[in-house]
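Examination of the molecular architecture
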Amino acid sequence: MVNAMMQEMGAEKAHRKQVEKPLHELSESPSARPGRERDASAEADMVRSAQYMRLLLESTDEGVFGLDPQGLCTYVNASGARILGYDPSALVGKRIHEIIHHTRNDGSPYPESDCPSHRAYQTGQGLRTEDELFWRRDGSSFPVEYASHPIFMGGNIVGAVVSFVDITERKQAEAERARLLAEVRRVAAELNVTLTSIADALVIYDPTGEIVRMNPAAEDMLGYTPAERKLPFAERTALLHIDTPEGKPFPVEQVPGQQALNGETVYGVVMVLHPNGKTFWVSGSAAPIRSPDGQIVGAVSIFTDITALHELQEQREDLARTVSHDLRNPLQIILGRAQIIQRVPGNEKMVLTSAEAIVTSAKRMNAMIQDLVDSVRLETRQLQPQKQPIDLRSFVQELLGRGRGMVEVERIKVRMPAHLPPVSADPDRLERILMNLLSNALKYSPPDSEVLIGVEATDRWARISVADRGVGIAPQDLPHIFERFYRAKGVRKAEGLGLGLYIARMLVEAQGGRIWAESEPGKGSTFYFTLPVA
Ligand code: ADP
């Protein structure tokens, strides 16, 4: 506005030159010549408008300077003089550069040729800049928005008008905005890192139940595609096939995220998720996200994977069941037989058979307890193998020699190549593996059938096999027989805890090998395991 007005001021000045009268006189006296009344009234209009312009310029907060083509001040408004600390009347006729001391924002000097006022009255090019500091007479400075406009008349530059305004507050507001923005960005980045590094699955929903944010743990667990995240809550949740811990379908309205969207805060809801064929036991918690006025603007859910914890709990239950049930069998025999001895101590035959049964049952109990202890030790890695080179041929011969009387060694045949490389294994562990496989092979096959030990070797691995012609293993049992406490249904013999093959697997794997079985029900089974060549 000021600039536009100043252009008109330039026009007023030219007009003053033409009429050659001071401004106050023009404004006060009507024309003295009656024959020129029209001219006089036009003149009066101009004077009024010039006065009006001047009034406006004097009332603005902007500093306004009028300059002649040499850069001398022809006009300085009150604000301009006040802002810089001068008396306005002392400035007219002075060079603009003596009055306005300015530097760039960083304090570096400003060449006169770059100065906006100079450019306007010298080259006819106006300029607007915020890249400057103005220095007051008292030595203080302030950031300024500085603009210049040339004034043309008849194609010539007749002067310039410069205006400036103190933008300290604007700059402070901008700096504050920038500081706030940086703060928001920092907090957002912090939040992002926090969400990403949380090990629990974290999901944020909008008020319609659409997923707006998931951390990597949630992406891994739930496996939703970007399109699935936008599905309605119930439709998307159905993809997880959620069950209760008892195996019943989990009601969607009780899923923590849905409860939170309904305004509830829930903790520790145990669910079994089945996303994409996987299974996760999770403990879910959720809370609504509210705006300051209490509106629900979303919800946040956290799923803690408790699958490992659940398995541990199952193992504990298995263990309790096994200890209470399977260990009680031989114990009851011992008890019963001991009572017989108490009742008929004189019956020597009865006492002898009872004593035999007691010894057998006690040995079975002992073996079971040993299996239990070993399996726990293996799981907690307390049984580290002490490996050494072992010649399999002599090792197996010695083992069978020692086993005479304990297992039916006469049913066992050995087939090995003449030259075998030594394997790297822990002899005690290897004996345990072989004894477990041999006793199973003898146990689950007819009393007169043969059990065959075979070995084949490459230059890196030896593969040891134990084959029987026994009952075999049903296809549905085969994948599970190396699991803890697993016993095939129907063919199980009361002696074991279902730990023998589990222990064998742990021992083979601890020595860097692999164990597996092939079987045909009714025809027999072959168990294989590998050991590295020394
Ligand atoms: P257990 O002490 O009950 O024998 P194992 O872990 O040694 O436990 O074996 C697990 C199950 O695998 C057994 O209950 C049995 O059903 C089956 N099994 C193991 N070896 C044989 C075999 N040679 N022939 C048939 N079934 C076998």
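Up top you'll find the structure we're talking about.
Residues numbered from 1 in each chain as written. Predicted model: local features only at pLDDT ≥ 70, side-chain atom pairs only at ≥ 80, totals over all residues. Heavy atoms only, no water.

This brings us to the overall build of the chain. Within the chain, the regular secondary structure consists of 17 helices and 18 strands. In terms of C-alpha radius of gyration, the chain reaches 50 Å, well past the compact-globule figure of 24 Å for 534 residues. Each principal axis of the C-alpha distribution contributes one length, and for the chain these read about 165 × 55 × 40 Å. Relative to its full complement of 534 residues, the chain shows a buried share of 40%. Considering only contacts in the chain between residues 6 or more positions apart, those separated by 24 or more positions represent 58%. For the chain, the exposed surface amounts to about 29,800 Å²; the carbon and sulfur share of it is 54%. With 61 positive and 70 negative side-chain charges, the chain shows a spacing of 7 Å between the two charge centroids. (Helix = DSSP H or I, 4+ residues; strand = E, 2+ residues; numbered from the N terminus. Rg over C-alpha atoms; globule rule 2.2 N^0.38 Å. Buried < 20%, exposed > 50% of the residue type's maximum accessible area, 1.4 Å probe, protein only. Contact = heavy atoms within 4.5 Å. Areas by Shrake-Rupley, 256 points an atom, 1.4 Å probe, with all protein chains shown as cover. Lys, Arg positive; Asp, Glu negative; His and termini not counted. Charge placed at Lys NZ, Arg CZ, Asp CG, Glu CD.)

Scanning the model with the defined rule gives 21 salt bridges in all. The partner of Glu-145 in a salt bridge is Arg-170, and the shortest N-O contact between them spans 2.6 Å. Within this pair, whereas Glu-145 is found in strand 5 (residues 141-153), its partner Arg-170 is found in helix 7 (residues 168-197), the two being separated by 25 residues in sequence. Of the residues examined, Glu-145 reaches a relative accessible area of 14% and is grouped as buried. For Arg-170, a relative accessible area of 34% translates into the label partly exposed. A salt bridge links Glu-520 to Lys-523, with the shortest nitrogen-to-oxygen separation between them at 3.5 Å. Assessed through its relative accessible area of 44%, Glu-520 is described here as partly exposed. (Salt bridge = Lys/Arg side-chain N within 4 Å of Asp/Glu carboxyl O.)

It is worth spelling out the packing of helix 15 (residues 392-403) against helix 16 (residues 427-443) at this point. It is the contact of helix 15 with helix 16, at a shortest axis distance of 11 Å, that shows an interaxial angle of 60°. The two elements helix 15 and helix 16 cross, and the hand of that crossing is right-handed. Counted together, Leu-392, Phe-395, Val-396, Leu-399, Leu-400 and Arg-402 of helix 15 and Pro-427, Leu-430, Glu-431, Leu-434, Met-435 and Leu-438 of helix 16 form the full contact between these two elements. Each residue belonging to the contact of helix 15 with helix 16 can be placed in one class, and the counts come to 10 nonpolar, no polar and 2 charged. (Axes fitted to C-alpha atoms, helices over the stretch in contact; angles between N-to-C directions. Left-handed = near helix turned anticlockwise from the far one by under 90°. Nonpolar A, V, L, I, M, F, W, Y, C, P; charged D, E, K, R; others polar.)

We now examine the site of the ligand. The full set close to the ligand counts 21 residues, and Asn-440, Tyr-444, Asp-468, Ala-488 and Leu-501 are the nearest of them. Between the ligand and the protein, one listed contact pairs an oxygen atom with a side-chain N or O atom of Asn-440 at 2.8 Å. At 3.3 Å from an oxygen atom of the ligand is found a main-chain nitrogen or oxygen belonging to Gly-498. In isolation the ligand exposes 530 Å². Once the protein is present, 98% of that is buried. Counting only elements with at least two residues in the shell around the ligand, the list comes to helix 16, helix 17 (500-510) and strand 18 (524-532). (Near = heavy atom within 4 Å. Polar contact = N/O pair within 3.5 Å; in protein donor to acceptor, adjacent residues only side chain to side chain.)

Along the chain, Thr-237 turns up in helix 10 (residues 233-238). Taking relative accessible area as the criterion, Thr-237 reaches 8% and is therefore assigned buried.

Right, let's get into unusual backbone geometry. Phi at His-241 takes a positive value of approximately 45°, unusual for a residue other than glycine. Within the element layout of this structure, His-241 appears in the loop between helix 10 and helix 11 (256-261). With phi around 45°, Asn-276 is a residue other than glycine that occupies positive phi space. Looking at the element boundaries, Asn-276 is found in the loop between strand 9 (266-273) and strand 10 (280-290).

Take the sheet that holds strand 7 (residues 201-205) next. A sheet is described by the order of its strands in space; here 5 strands give the open sequence 8-7-11-10-9, paired in antiparallel fashion. On the outer flanks of this sheet lie strand 8 (211-214) and strand 9, each paired with one strand and no other. Sheet twist, expressed as the average angle between the axes of neighbouring strands with direction ignored, equals 25°. With 9 bridges connecting them, strand 10 and strand 11 (residues 296-305) associate as antiparallel partners. If you follow Ser-283 over to strand 11, its bridge partner there is Thr-304. (Pairing = 2+ DSSP bridges.)

This next bit is on the packing of aromatic side chains. According to the stated counting rule, one finds 7 aromatic pairs in the structure shown. With a centroid separation of 5.3 Å and 55° between ring planes, the pair formed by Tyr-205 and Phe-233 is classed as tilted. Of this pair, Tyr-205 sits in strand 7 while Phe-233 sits in helix 10, placing them 28 residues apart in sequence. Neither residue differs from the other here; Tyr-205 and Phe-233 are each classed as buried. One aromatic cluster is present, built from ring pairs that chain together Phe-65, Phe-134, Phe-142, Tyr-146 and Phe-164. When the ring centre of Tyr-224 is taken as reference, the NZ or CZ atom of Arg-236 above it lies at 5.7 Å. (Phe/Tyr/Trp six-rings, centres within 6.5 Å; stacked < 30°, edge-to-face > 60°. Lys NZ or Arg CZ within 6 Å of the ring centre and 35° of its normal.)

The next subject is helix 16. Compared with an ideal rise of 1.5 Å per residue, which puts 17 residues at 24 Å, helix 16 spans 24 Å between its outermost C-alpha atoms and is within 8% of the ideal. Among the residues of helix 16, the N-terminal cap falls to Asp-426, whose side-chain oxygen and the backbone nitrogen of Asp-428 are separated by 3.0 Å. (Expected span 1.5 Å × (residues − 1).)

Turning our eyes to something else, we now look at the environment of Gly-470. Positionally, Gly-470 belongs in the loop between strand 16 (461-467) and helix 17. Assessed through its relative accessible area of 5%, Gly-470 is described here as buried. Expressed as a C-alpha distance, the spacing of Gly-470 and Lys-523, which sit 53 residues apart in the sequence, is 6.0 Å.

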